[in-house]
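Understanding the architecture of this molecule
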Amino acid sequence: MPIFSVNQLTTMQWTLEEDVLFYCDNGFRAIGLSLNKVESFGREKSKELIHDLGMEVSSLGSIGFHNDIAGTTLDDQIDEAKDAVVVAAELAAHCLILHTGGIAGHLKKNRFRLISTVLDELLPFAEDHGVRLAIEPLSAEPSSGKTFSHDWEDVIQIIDRFRSKQLGINLDIFHCGFKALTHFGPLFARFVFLLQICDYFHKPRISRRRPKSIHFTRERCPFGGGNFDINDFQRFISQDEF
């Protein structure tokens, strides 16, 4: 049964306590947690507060892997990710959001090798702790330097390699666009652990190197102010596949 929640990055400037109390007072029974906010507020305090209010944790995010961070080895990043898995297990989070790592200057096939190396070690650890990992594809725009996976088909290739029920996808409408959802069909229930919705619009930007060249980037905005059509979304989630 799908649950509806609010991600606490929606209220970025608030504390975890302010987020949880406000969401609960306004009728939400689940919350998507920020790992940074949990660490700032305290793991035990976070767990106690959420438990006392009877809220579920729809997701914990996020962890990522980069081969271009000075002074940070891949082993260090895997150790940090394992610690996040433990936090997710303690909070009974439905999934832990994962970003696959930066493109840097390498070939795409090497990015698959990087995340495969990571998952060889991290996935069994997550399985032992009962935590599901949800890989999030990011849009192919300047801000996407965090990941090499620019579409859900890339992620499905990774998931097919491991064939674990604990490995799936986090689809963010901001990054994948609504049309991507319609391509899943029966695969949706199998692969998608988390679906994040938001409204956004395309903002034109002029290239500094090419003043006559204009490209468009996505910008988040309040619901009703952008391209997101709630009626299309309602029709989508009413389908049997969802």
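Summarised in this report is the structure supplied together with it. On a predicted model such as this, the values are computed, not experimentally measured, just so you know.

1. What to know about the overall build of the protein
In terms of helices and strands, the protein carries ten helices and nine strands. With 242 residues in all, the protein has 43% of them scored as buried.

2. Some thoughts on a negative patch on the surface
A cluster of acidic side chains, namely Glu-44, Glu-48, Asp-52 and Glu-90, defines a negative patch on the protein surface. In terms of residue count, helix H3 (residues 43–52) provides more of the negative patch than any other element does, three residues in total. In this structure, Glu-90 sits in helix H4 (residues 74–90). Exposure remark for Glu-90: the relative accessible area of 33% places this residue in the partly exposed category.

3. Looking at unusual backbone geometry
Following Gly-61, the chain continues into Ser-62 via a peptide bond in cis, with omega recorded as -10°. In this structure, Ser-62 sits in strand S3 (residues 56–64). Even without being a glycine, Ala-92 presents a positive backbone phi close to 55°. The topology assignment puts Ala-92 in the loop between H4 and strand S4 (96–99). Its identity is not glycine, yet Arg-163 carries a phi of approximately 50°, on the positive side. Considering the arrangement of structural elements, one finds Arg-163 in the loop between helix H6 (152–162) and strand S6 (167–172).

4. Remarks on the pattern of salt bridges
Enumeration according to the criterion identifies seven salt bridges in this entry. As a salt-bridge pair, Lys-37 and Asp-19 come within 2.7 Å of each other at their nearest N and O atoms. Placement of Lys-37 in helix H2 (residues 35–41) and of Asp-19 in helix H1 (residues 16–25) is noted, with a sequence separation of 18 residues between them. Grouping residues by exposure puts Lys-37 and Asp-19 together as buried. What you see here is one network of salt bridges that share partners, running through Glu-39, Arg-43 and Asp-83.

5. Digging into the side chain of Thr-11
Inspection of the secondary structure assignment puts Thr-11 in the loop between strand S1 (6–7) and H1. Here Thr-11 falls in the buried class, since its relative accessible area comes to 14%. A distance of 2.7 Å separates polar atoms of two side chains, one belonging to Thr-11 and the other to Tyr-23. With near-sequence residues (within four places) excluded, Thr-11 lies in contact with Asp-19, Tyr-23 and Lys-37.

6. Observations regarding H3
Taken together, the buried positions of H3 are occupied by Ser-46, Leu-49 and Ile-50. The arc that holds the buried residues of H3, viewed along the axis, is 95°, so those residues lie on one side. In H3, the exposed residues that point more than 90 degrees away from the buried face are His-51 and Asp-52. Tucked into the core, H3 has its buried residues touching H1, strand S2 (30–34), H2 and S3.

7. Some thoughts on the sheet that holds S1
One open sheet accounts for seven strands, arranged S1-S2-S3-S4-S5-S6-S7; its pairing is parallel. Pairing within the sheet leaves two strands with one partner each, and these edge strands are S1 and strand S7 (192–196). Of the pairings in the sheet, the one linking S1 to S2 comprises two bridges and is parallel in character. Among the inter-strand pairings, Val-6 is bridged to a residue of S2, identified as Ile-31. Seen against the sheet, H4 touches S3, S4 and strand S5 (133–135) and runs at an angle of roughly 175° to S3.

8. A look at the packing of aromatic side chains
Considering all chains together, one arrives at seven aromatic pairs under this definition. Judged by centre distance (6.4 Å) and plane angle (70°), the ring pair of Phe-22 and Tyr-23 falls under edge-to-face. Accessibility expressed as a relative area gives 41% for Phe-22, which makes it partly exposed. Measuring from ring centre to ring centre gives 5.7 Å for Phe-223 and Phe-228, while their planes differ by 65°; the resulting arrangement is edge-to-face. The rings of Trp-14, Phe-22 and Tyr-23 are connected pair by pair, giving a single aromatic cluster. A cation over an aromatic ring shows up here: Lys-82 above the ring of Phe-125, its NZ or CZ 5.4 Å from the ring centre. Its end group placed over the ring of Phe-193, Arg-132 keeps NZ or CZ at 3.9 Å from the ring centre.

Scoring rules and cut-offs
Residues numbered from 1 in each chain as written. Predicted model: local features only at pLDDT ≥ 70, side-chain atom pairs only at ≥ 80, totals over all residues. Heavy atoms only, no water. Helix = DSSP H or I, 4+ residues; strand = E, 2+ residues; numbered from the N terminus. Buried < 20%, exposed > 50% of the residue type's maximum accessible area, 1.4 Å probe, protein only. Patch = residues over 30% accessible without salt bridge, like charges linked within 9 Å, V, L, I, M, F, W, Y side chains within 5 Å. Areas by Shrake-Rupley, 256 points an atom, 1.4 Å probe, with all protein chains shown as cover. Salt bridge = Lys/Arg side-chain N within 4 Å of Asp/Glu carboxyl O. Lys, Arg positive; Asp, Glu negative; His and termini not counted. Charge placed at Lys NZ, Arg CZ, Asp CG, Glu CD. Polar contact = N/O pair within 3.5 Å; in protein donor to acceptor, adjacent residues only side chain to side chain. Contact = heavy atoms within 4.5 Å. Arc of directions from axis to C-beta. Pairing = 2+ DSSP bridges. Axes fitted to C-alpha atoms, helices over the stretch in contact; angles between N-to-C directions. Phe/Tyr/Trp six-rings, centres within 6.5 Å; stacked < 30°, edge-to-face > 60°. Lys NZ or Arg CZ within 6 Å of the ring centre and 35° of its normal.

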